[in-house]
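So you can see what is in the structure, the chains are spelled out below.
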Amino acid sequence: MITVRKGDITREDTEAIVNAANTGLKGGGGVDGAIHRAAGPGVMDECRRIGRCPTGEAVITGSGRLRAKKIIHTVGPIWRGGGQHEPELLQSAYRNSFKLARENGIRSISFPAISTGVYGYPKKEAAGIAVRVGYEFEKDFDEIRFICFSDEDLKIYQEILNNR
Ligand code: AR6
């Protein structure tokens, strides 16, 4: 089942939540900052031990104080106009997050709109990729939840899901 909700991903009760991280796993602003603040310092320690995550790939950690049990940290591309393999890299970020979740026996997972904040990826195109990859993995999960931080994002996801 694919669902969409407006909310703060740090409060979601799916088994895993996904973080839109950077390649140095160093934390930052946006959803990354919110997740580390809510989870506590143990997650950052784990990220430091892992070290790096290339764009389009994903790593997994515990979740500190969060309700979710695991955090999957993935790195989406920085939007540079669309000619630098951004769509493929965003697709990989979603796919590798799903694969890592599946390998870890996770049955429910929440995603933010990866790359669409600081990294500047156009929101509609990014949501299209997110939903398409979601359908590829739908059968492997009880719930795939897309968390929208704004009404604008919520509308975009709802339209894509309704027009399918
Ligand atoms: N819950 C759900 N979504 C959120 C939350 C939240 N608490 N906070 C923000 N968003 P961004 P990126 C939305 O910038 O573009 C960081 O510094 C936000 O509105 O967090 O992938 C990292 O360390 C937007 O729709 O991630 C990287 O350096 C979406 O999450 C860099 O930013 C993604 O925005 C990654 O940039």
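So, here is what we can say about the structure in this document.

Thresholds applied
- Residues numbered from 1 in each chain as written.
- Predicted model: local features only at pLDDT ≥ 70, side-chain atom pairs only at ≥ 80, totals over all residues.
- Heavy atoms only, no water.
- Axes fitted to C-alpha atoms, helices over the stretch in contact; angles between N-to-C directions.
- Helix = DSSP H or I, 4+ residues; strand = E, 2+ residues; numbered from the N terminus.
- Left-handed = near helix turned anticlockwise from the far one by under 90°.
- Contact = heavy atoms within 4.5 Å.
- Nonpolar A, V, L, I, M, F, W, Y, C, P; charged D, E, K, R; others polar.
- Phe/Tyr/Trp six-rings, centres within 6.5 Å; stacked < 30°, edge-to-face > 60°.
- Buried < 20%, exposed > 50% of the residue type's maximum accessible area, 1.4 Å probe, protein only.
- Near = heavy atom within 4 Å.
- Polar contact = N/O pair within 3.5 Å; in protein donor to acceptor, adjacent residues only side chain to side chain.
- Areas by Shrake-Rupley, 256 points an atom, 1.4 Å probe, with all protein chains shown as cover.
- 1 Å grid on protein atoms, 1.4 Å probe; cavity = no way out; pocket = protein on both sides within 12 Å on 5 of 7 lines; lining within 4 Å.
- Sits in = over half its atoms within 2 Å of the grid points.

Okay, the packing of helix H3 (residues 86-103) against helix H4 (residues 123-137) next. Running from N to C, H3 and H4 cross one another at 35°; their axes reach a closest spacing of 10 Å. For H3 against H4, the interelement crossing comes out right-handed. From H3, Pro87, Leu90, Gln91, Tyr94, Arg95, Phe98, Lys99 and Arg102 reach across to H4, where they touch Ala126, Ile129, Ala130, Val133, Gly134, Glu136 and Phe137. Of the residues contributing to the contact of H3 with H4, the split by class is 9 nonpolar, 2 polar and 4 charged.

In this structure, threonine 61 sits in strand E3 (residues 58-61). Not counting residues within four places of it along the chain, the set of residues in contact with threonine 61 comprises Val43, Glu46, Cys47, Ile50, Lys70, Ile71 and His73.

For any pair of aromatic rings, the description consists of the separation of the ring centres together with the inter-plane angle of the planes. Per the counting criterion, the structure on display carries 7 aromatic pairs. Taking the centre distance of 6.0 Å and the plane angle of 40° together, the rings of phenylalanine 111 and phenylalanine 146 count as tilted. One end of the pair, phenylalanine 111, is in strand E5 (residues 108-111); the other, phenylalanine 146, is in strand E6 (residues 143-148), with 35 residues separating them in the sequence. Considered together, phenylalanine 111 and phenylalanine 146 belong to a single accessibility category, that of buried residues.

Glancing now at the site of the ligand. Around the ligand there are 22 residues in total, and Asn22, Val31, Asp32, Ser115 and Val118 lie nearest to it. Take valine 118: an N or O atom from its main chain is 2.8 Å from an oxygen atom of the ligand. Here an oxygen atom of the ligand sits 3.5 Å away from a polar atom, N or O, in the side chain of aspartate 153. Considering the ligand on its own, with 710 Å² of exposed area, one finds that the protein chains cover 90% of that surface. Taken atom by atom, the bulk of the ligand overlaps the largest pocket. Residue composition of the shell around the ligand, grouped by class: 10 nonpolar, 9 polar and 3 charged.

It is worth spelling out the side chain of threonine 14 at this point. Position of threonine 14 relative to the elements: it lies in the loop between strand E1 (2-6) and strand E2 (16-20). Judged by its relative accessible area of 2%, threonine 14 falls in the buried class. Engagement of the side chain of threonine 14 in a polar contact is seen with the backbone oxygen of alanine 16, the distance being 2.8 Å. There is a polar contact of 2.8 Å between the side chain of threonine 14 and the side chain of serine 110. Those residues in contact with threonine 14, other than ones at most four positions away along the chain, are Ala68, Lys69, Ser108, Ile109, Ser110 and Arg145.

Nothing here speaks to function; it is all geometry.
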